[in-house]
Amino acid sequence: MSPKRGFSLNFVSKLRKSGKEVAEPRPASTPSMSFVEATRVLSHELLSTRKGYRIIETYPVVEPFASINIVEDETSGKLFYEVYEISLTSEEREIYKQIYEHMIWEIKPTATLSSDAINEIRSTARRIMNLFQIRFPRTPSLSWSKINYYIERDFLGYGVLDPVFRDRYIEDISCNGPGKPVYVWHRKYESLPTNVVFSTVEELDEYILKLAHMAGKHISVAYPVLDAILPGGHRVAATYGKEVSTSGSTFTIRKFSESPITIADMINFGTISSELAAYFWLAMDYKMTTLVLGVTGAGKTSTLNALATLLRPTYKVVTIEDTPELRLPLENWVQLVSRPSYLGGAGEVSLYQLVRVSLRYRPDVIVVGEVRGDEAYVLFQSIATGHSGITTLHAESIDAAVKRLTSPPMNIPPSYIPLINIALLIRRITLADEKGRLRPARKITNVWEVRDFGEYEEIAKWDPAKNRFTVRLDNSLVLSRISDLTGKTREELLEELVRRKMILEWLVATRKTTYKDVATWIQKYYLDPVRTLREGPLYGSAPQ
Ligand SMILES: Nc1ncnc2c1ncn2[C@@H]1O[C@H](COP(=O)(O)OP(=O)(O)OP(=O)(O)O)[C@@H](O)[C@H]1O
Ligand SMILES: [Mg+2]
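Cut-offs applied
Residues numbered from 1 in each chain as written. Chains lettered and ligands numbered in written order. Predicted model: local features only at pLDDT ≥ 70, side-chain atom pairs only at ≥ 80, totals over all residues. Near = placed C-beta within 6 Å. Helix = DSSP H or I, 4+ residues; strand = E, 2+ residues; numbered from the N terminus. Nonpolar A, V, L, I, M, F, W, Y, C, P; charged D, E, K, R; others polar. Expected span 1.5 Å × (residues − 1). Buried ≥ 20, exposed ≤ 12 C-beta atoms within 10 Å, placed from the backbone. Contact = placed C-beta atoms within 7 Å. pLDDT = per-residue confidence, 0-100. Axes fitted to C-alpha atoms, helices over the stretch in contact; angles between N-to-C directions. Parallel < 35°, antiparallel > 145°, perpendicular 65-115°, else oblique. Left-handed = near helix turned anticlockwise from the far one by under 90°. Pairing = 2+ DSSP bridges.

## Concerning the site of ligand 1
- Lining the immediate environment of ligand 1, one finds 15 residues, of which Glu171, Gly299, Lys300, Thr301 and Ser302 sit closest.
- Elements with a minimum of two residues in the shell around ligand 1: helix H8 (263-269) and helix H10 (300-308).
- In terms of residue count, the dominant contributor to the shell around ligand 1 is H10 (three residues).
- A per-class count over the shell around ligand 1 returns four nonpolar, eight polar and three charged.

Below is the structure:
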């Protein structure tokens, strides 16, 4: 029986470290169970209380128990991310310790954190807390709430990093080894060191075992690399021990956003103009093959998701990914996810195989999360046979993208390059706000249409000096293509773009930017454009 079964990893990993890979993990209250480690960092060291540091922003993440402070070193101006959690008194700590040990005894190990398992943990915690409340009648109710916060944090949440997982400003969480601060990528302040440090090798290893367990996966000296999805859809990559990383275990987590970024969000954030968004809407409507380019973390997958949401709801769409990140509001959607190999190649299902099998589904559009290898070749073959493809590629320009596509391991013949209708580049840049402070932003900086191998028409560009987008559709091949397909004149298509732009601007103006809102209105427009315009942006205008 795998020792990763238990919920609380502490006792499991203790057993593992002691070399006793026993058939059935023993309960935690063996002498090896250390409370100090189990609940380490009950309150993190606070920088903000030190001289020479000041808090420049604070916001709650679990009111009133945990909040985040952005702290500035007044001498150097360096910023830090500080997790503040309510501290326990020594009496509360003692009670927590006992409850913790009881919980470890009572919780049955399960493979996944299903809603049944969560309910069971909650009811076990409630029952044990009730017993303790009888035993410690004079302990005030606030203390029990605090204890409950830590129980939830450690048994159902992400332990010491739980407040960070709950912070909606955080995009990435990473740890490069023991004794080093955990770093976060903050939407407002970019990369920041935190006051969370896994100070010993054991603490970090234990945390990584917890992450692996929460993802329902295995990591160990024998299998020291983890690539998995955590509950809530967060993507985790980790290495274990010094097997593959010199400084010891490491992990990096890309947080899953509860609501995917929509095209309306992108207009709202200034990533794209409404005019350009309308162009992409029309392009998606007519299944134009599109490449999303950008470097790591630029926003490629988010853009891909936002674009795919603009597809006609009647299209059959197959998505193919390494990790399930995409979320589409389409009924006719098949989501395929690759599977890594274990034990030297057995059981692997690659992107290549999935792209091949996807053709059996007779898709209108094949969406591949990211092309890197030989799957690109199959994708282009299917585009050549009349399917449409949307995918992302790690590249910083159209030239670099084409170079990658036509070189090993993708090996796309140059004659296939004109099958790409549109390529866009998204970049993470730094912009000064109205007060002159530098803020991170994402911009679709260039959009090209592909005329031929080496011939690209730049139809849109973002001007950094003016922070403005310019769109020039005079020579648009995509409009000509749609015109050929539909018999509509270029003028009629430009009018259609104006109508879609109105809808999108109205969604932004009336704050209908959530995934659900945007999907609803896009679908409404597809069903009945005139009525949707009247219900939306033209509300109140007289029927003609
Ligand atoms: N237009 C945007 N505005 C603000 N934040 C964004 C935008 N697009 C993406 N993000 C955020 O940036 C982070 C990275 O986005 P995403 O996963 O789409 O990037 P990526 O280029 O696909 O990354 P990777 O190379 O790791 O696959 C996410 O947390 C996402 O919420
Ligand atoms: Mg991505």
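## Points about helix H15 (residues 490-509)
- For H15, which comprises 20 residues, the first-to-last C-alpha distance of 28 Å matches the rise-based estimate of 28 Å (1.5 Å per residue) to within 8%.
- Regarding H15, the residues found buried are Leu493, Leu497, Arg500, Lys501, Ile503, Leu504, Trp506 and Leu507.
- Buried residues in H15 make contact with H8, helix H9 (274-285), helix H14 (477-486), helix H16 (515-527) and helix H17 (529-535).
- Looking at the residues trailing H15, positive phi occurs at Arg511, about 55 degrees.

## Overview of the environment of Ser338
- As for its position among the elements, Ser338 is in the loop between strand S12 (333-337) and helix H11 (351-358).
- Taking the C-alpha atoms as reference points, Ser338 and Glu321, separated by 17 residues in sequence, lie 6.2 Å from one another.
- Residues within four places of Ser338 in sequence aside, it is in contact with Asp322, Val349, Ser350, Leu351 and Leu354.

## Quick notes on the confidence of the model for the chain
- Of the residues in the chain, 89% have a pLDDT of 70 or more, and the chain-wide mean is 87.
- A low-confidence stretch, residues 1-43 stays under pLDDT 50, and its non-local contacts, those more than four residues away or across chains, total 83 contacts.

## A closer look at the packing of H11 against helix H12 (residues 375-384)
- Packing of H11 against H12 brings their axes to within 8 Å, and their N-to-C directions diverge by 15 degrees. Between H11 and H12, the angle falls in the class roughly parallel. For the pair H11 and H12, the sense of crossing is left-handed. Of H12, the residues touching H11 (which contributes Leu351, Tyr352, Val355 and Arg356) are Glu375, Val378, Leu379 and Ser382.
- Among the residues forming the contact of H11 with H12, the class breakdown is five nonpolar, one polar and two charged.

## Points about the pairing of strand S6 (residues 190-197)
- Bridge count for strand S5 (residues 181-186) against S6 is five bridges, and the pairing is antiparallel. For Val184, the partnering residue across the bridge sits in S6 and is Leu192.
- Where S5 folds back onto S6 in an antiparallel hairpin, the turn is made up of three residues.

## Things to note about the environment of Tyr361
- Looking at the secondary structure, you find Tyr361 in the loop between H11 and strand S13 (365-368).
- Counting along the chain gives 43 residues from Tyr361 to Val318, while the straight-line C-alpha distance between them is 7.8 Å.
- Among all residues touching Tyr361, those that are not within four sequence positions of it are Lys316, Val318 and Val334.

## Quick notes on the sheet that holds strand S16 (residues 438-452)
- The strand order across the open sheet built from nine strands is S12-S11-S13-S14-S10-S15-S16-S17-S18, with neighbouring strands paired in mixed fashion. Unpaired on one side and paired on the other, S12 and strand S18 (468-471) mark the two borders of the sheet. The sheet shows a mean angle of 20 degrees between the axes of neighbouring strands, taken without regard to direction.
- Pairing between strand S15 (residues 422-432) and S16: eleven bridges, direction antiparallel.

## Structural notes on unusual backbone geometry
- Cis rather than trans, the peptide bond between Glu63 and Pro64 has omega equal to -5 degrees.
- Mapped onto the elements of the fold, Pro64 is located in the loop between strand S1 (53-62) and strand S2 (66-73).
- In this chain, Pro408 is followed by Pro409 through a cis amide linkage whose omega measures 5 degrees.
- For Pro409, the location among the structural elements is in the loop between helix H13 (398-406) and S15.
- For Arg362, which is not glycine, the phi torsion reads 50 degrees and is therefore positive.
- Structurally, Arg362 is set in the loop between H11 and S13.
- Of note in the backbone geometry, Asn411 takes a positive phi value of approximately 55 degrees without being a glycine.

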